[in-house]
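Chain residues, written in single-letter form:
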Amino acid sequence: TTTIRRGRRSTSWFISANTRPTTSTSLNSLAGFEDVWSSYLSALESDPLLVKSITAGVILGAADLSGQAIQQSLLASSTNEDSTKEEEGGGGGVDIARFSRFAFFGFILQAPWNHFYYQFLDGALPPTEDPFTSTTAIKVLIDQFIQAPIFTVIIFAFLGLLEGKSIADIKRQLDEDYVDTMLANWKLWVPATAVNIAFCPPILRVLFLNVVFFFWS
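Overview of the structure. (Residues numbered from 1 in each chain as written. Predicted model: local features only at pLDDT ≥ 70, side-chain atom pairs only at ≥ 80, totals over all residues. Heavy atoms only, no water.)

### Structural notes on the packing of helix α5 (residues 134–162) against helix α6 (residues 167–199)
A packed helix pair is summarised by two numbers, namely the angle formed by the two axes and the spacing between the axes. Where α5 meets α6, the axes come as close as 8 Å, and the angle between the chain directions of the two elements is 145°. As α5 packs across α6, the resulting crossing turns out to be right-handed. Residues belonging to the contact of α5 with α6 are distributed by class as follows: 19 nonpolar, eight polar and three charged. (Axes fitted to C-alpha atoms, helices over the stretch in contact; angles between N-to-C directions. Helix = DSSP H or I, 4+ residues; strand = E, 2+ residues; numbered from the N terminus. Left-handed = near helix turned anticlockwise from the far one by under 90°. Nonpolar A, V, L, I, M, F, W, Y, C, P; charged D, E, K, R; others polar.)

What follows is the structure, given as structure tokens:
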């Protein structure tokens, strides 16, 4: 059992010994998962920033590969001939450059930004034992209506520069897409952030955020 403290409350992350898997394969799989999870938590506690950064790079890179696979599947379903697909999709290959940009973004920006941001937020407003408090509500409001608008601009700029866009091009993209992006953001991230702040131990908040970001991106 690995225990992580959230404020005054301890959260135990374990697979119950009373669970009776139907086969020895299931038992081995559960035991293997518990070992991997325990090792991950130990690494997270010993070197949180590095582990969060590597995890974010892997998850966001995988998110982009999944997105590319979905795009190619939709393209394939909308065309009947290989020649048409080649003209429209460039042969359906993986865009390694795009994948690399998202993985790099996760490693160098997403994880460090949120690691230090949550440290600052929890330092200013310490986690409470009861998840349903005014402190939780205030932290969600700060996160989504102060932090998120700022970080979204940084994301546009960071990914735009990696794509080779000029400052003028990035500003034009912000003018065209920023408002719609924030409106879509709040539909998902307000409830997701409430769950994250209310129920996740602080050390796991960036991991939760990255898992949600996998589906968001």
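Having seen the model, we can carry on.
### Notes on a nonpolar patch on the surface
Where nonpolar side chains cluster on the molecular surface, the patch consists of Leu50, Ile54, Val58, Phe104, Phe107, Ile108 and Leu162 and spans about 590 Å² of accessible area. Mapped onto the nonpolar patch, the elements with two or more residues apiece are α2 (48–77) and α4 (96–124). Given a relative accessible area of 57%, Val58 falls into the exposed group. (Patch = residues over 30% accessible without salt bridge, like charges linked within 9 Å, V, L, I, M, F, W, Y side chains within 5 Å. Areas by Shrake-Rupley, 256 points an atom, 1.4 Å probe, with all protein chains shown as cover. Salt bridge = Lys/Arg side-chain N within 4 Å of Asp/Glu carboxyl O. Buried < 20%, exposed > 50% of the residue type's maximum accessible area, 1.4 Å probe, protein only.)

### Overview of the packing of α4 against helix α7 (residues 205–216)
One way to put it is that α4 packs onto α7 with a least axis distance of 10 Å and a crossing angle of 135°. Compared by their axis directions, α4 and α7 come out oblique. Crossing of α4 against α7: the hand is right-handed. From α4, Phe105, Gln110, Ala111, Asn114, His115, Tyr118 and Asp122 reach across to α7, where they touch Arg205, Val206, Leu209, Asn210 and Phe213. Broken down by class, the residue content of the contact of α4 with α7 amounts to six nonpolar, four polar and two charged. (Parallel < 35°, antiparallel > 145°, perpendicular 65-115°, else oblique. Contact = heavy atoms within 4.5 Å.)

Keep in mind these numbers describe shape, not what the thing actually does.
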